Amino acid sequence: MEELKLLAVGDLHGKSCWQAIDFDKYDRIVFLGDYVDSPDHRGQEILENFNAVIQLKRSSPKKVILILGNHDIHYLHYPKYSCSGFNPVLQVPLTDMYTKNRNLFQVAYQIHNHLFSHAGISLPWYEKFQSFLETASIKKELGDLGSLAEVFNAVEKTRHRDVLHQVGVQRGGAEEYGGMTWADKQELWYHPLEGYHQVVGHTPVPFIEAISYNDETSVTFVDVLGSQKDFYEISFPI
């Protein structure tokens, strides 16, 4: 049986460690967002590294998947969705880079029942999101879509994207649960989205950490804090 080999890369925040990856070993490379904002890297380093990620995507558009994180949307949709770490000095060039390359990014990616996003999807937030989707105007605007990831990506391109980027109380926001760029680890830990194996970044962990609830439900956290080489490998039958 043939397999599709995938590598998930956690939050970069200006790091260039991803450039050491042997890309020929994998069929998909999924970057889980937060390419910028760093206390450890100079502005020019951040810009150059982010540009290198963009060029990688342009050279392999189907192989490389670029997910948007909370540190990306506050430049892409400036001045909305601000969060800690925002760099006003880099705002103009970064907003320009994100805007010009908007079609290269998405908020979710899915293979079978494996769902990749920046912060993840909790069941309570998803139930609220489903209610939002049931409104007549939203149904008409989105039309018929396939996978869950396709729905999220379609909403991000509309004026209704706020629902995806809500900040929950665990992260200092006003909502009970955070959206897919802001969900907290505890929200996923106690309320996982049933029927999906999620792979997320956003929450720093000392090592790749997988929480399995049953054969159909799990969450894997891959934002290994300070790591220069710990990425998450997974294979899918094709």
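Here the structure is a predicted model, which is why all the values come from computation and not from measurement.

## Some points on the sheet that holds strand β4 (residues 105-106)
Turning to step 1, where the next piece is worked out: Strand order across the open sheet formed by five strands is β4-β3-β2-β1-β10, with mixed pairing between neighbours. The open sheet has two edge strands, β4 and β10 (232-237), and neither has a second partner.
Turning to step 2, where the next piece is worked out: For strand β2 (residues 28-31) and strand β3 (residues 64-67), the ladder comprises three bridges, and the chain directions are parallel. Counted as the bridge partner of Val 30 is Ile 65 from β3.
Turning to step 3, where the next piece is worked out: Along the sheet, helix α1 (residues 43-59) makes contact with β2, β3 and β4, crossing β3 at roughly 135 degrees.

## Considerations on the state of the cysteines
Disulfide: a covalent bond connecting the sulfur atoms of a pair of cysteines.
Turning to step 1, where the next piece is worked out: Under the defined criterion, the tally for this structure stands at zero disulfides.
Turning to step 2, where the next piece is worked out: Here Cys 17 is not cross-linked by a disulfide; its sulfur's nearest cysteine counterpart is in Cys 83, at 20 Å.

## Some words on a nonpolar patch on the surface
Turning to step 1, where the next piece is worked out: On the surface, Trp 189, Tyr 190 and Tyr 213 cluster together into a nonpolar patch covering about 350 Å² of accessible area.
Turning to step 2, where the next piece is worked out: Assignment of secondary structure puts Tyr 213 in strand β8 (residues 209-214).

## A short note on α1
Turning to step 1, where the next piece is worked out: For α1, with 17 residues, the first-to-last C-alpha span of 24 Å sits near the 24 Å given by 1.5 Å per residue.
Turning to step 2, where the next piece is worked out: Turning to α1, its buried residues are Ile 46, Leu 47, Asn 49, Phe 50, Val 53, Ile 54, Leu 56 and Lys 57.
Turning to step 3, where the next piece is worked out: On its buried face, α1 sits against β2, β3, α3 (91-100) and β4.

Calculation notes
- Residues numbered from 1 in each chain as written.
- Predicted model: local features only at pLDDT ≥ 70, side-chain atom pairs only at ≥ 80, totals over all residues.
- Heavy atoms only, no water.
- Pairing = 2+ DSSP bridges.
- Helix = DSSP H or I, 4+ residues; strand = E, 2+ residues; numbered from the N terminus.
- Contact = heavy atoms within 4.5 Å.
- Axes fitted to C-alpha atoms, helices over the stretch in contact; angles between N-to-C directions.
- Disulfide = S-S within 2.5 Å.
- Patch = residues over 30% accessible without salt bridge, like charges linked within 9 Å, V, L, I, M, F, W, Y side chains within 5 Å.
- Areas by Shrake-Rupley, 256 points an atom, 1.4 Å probe, with all protein chains shown as cover.
- Salt bridge = Lys/Arg side-chain N within 4 Å of Asp/Glu carboxyl O.
- Expected span 1.5 Å × (residues − 1).
- Buried < 20%, exposed > 50% of the residue type's maximum accessible area, 1.4 Å probe, protein only.

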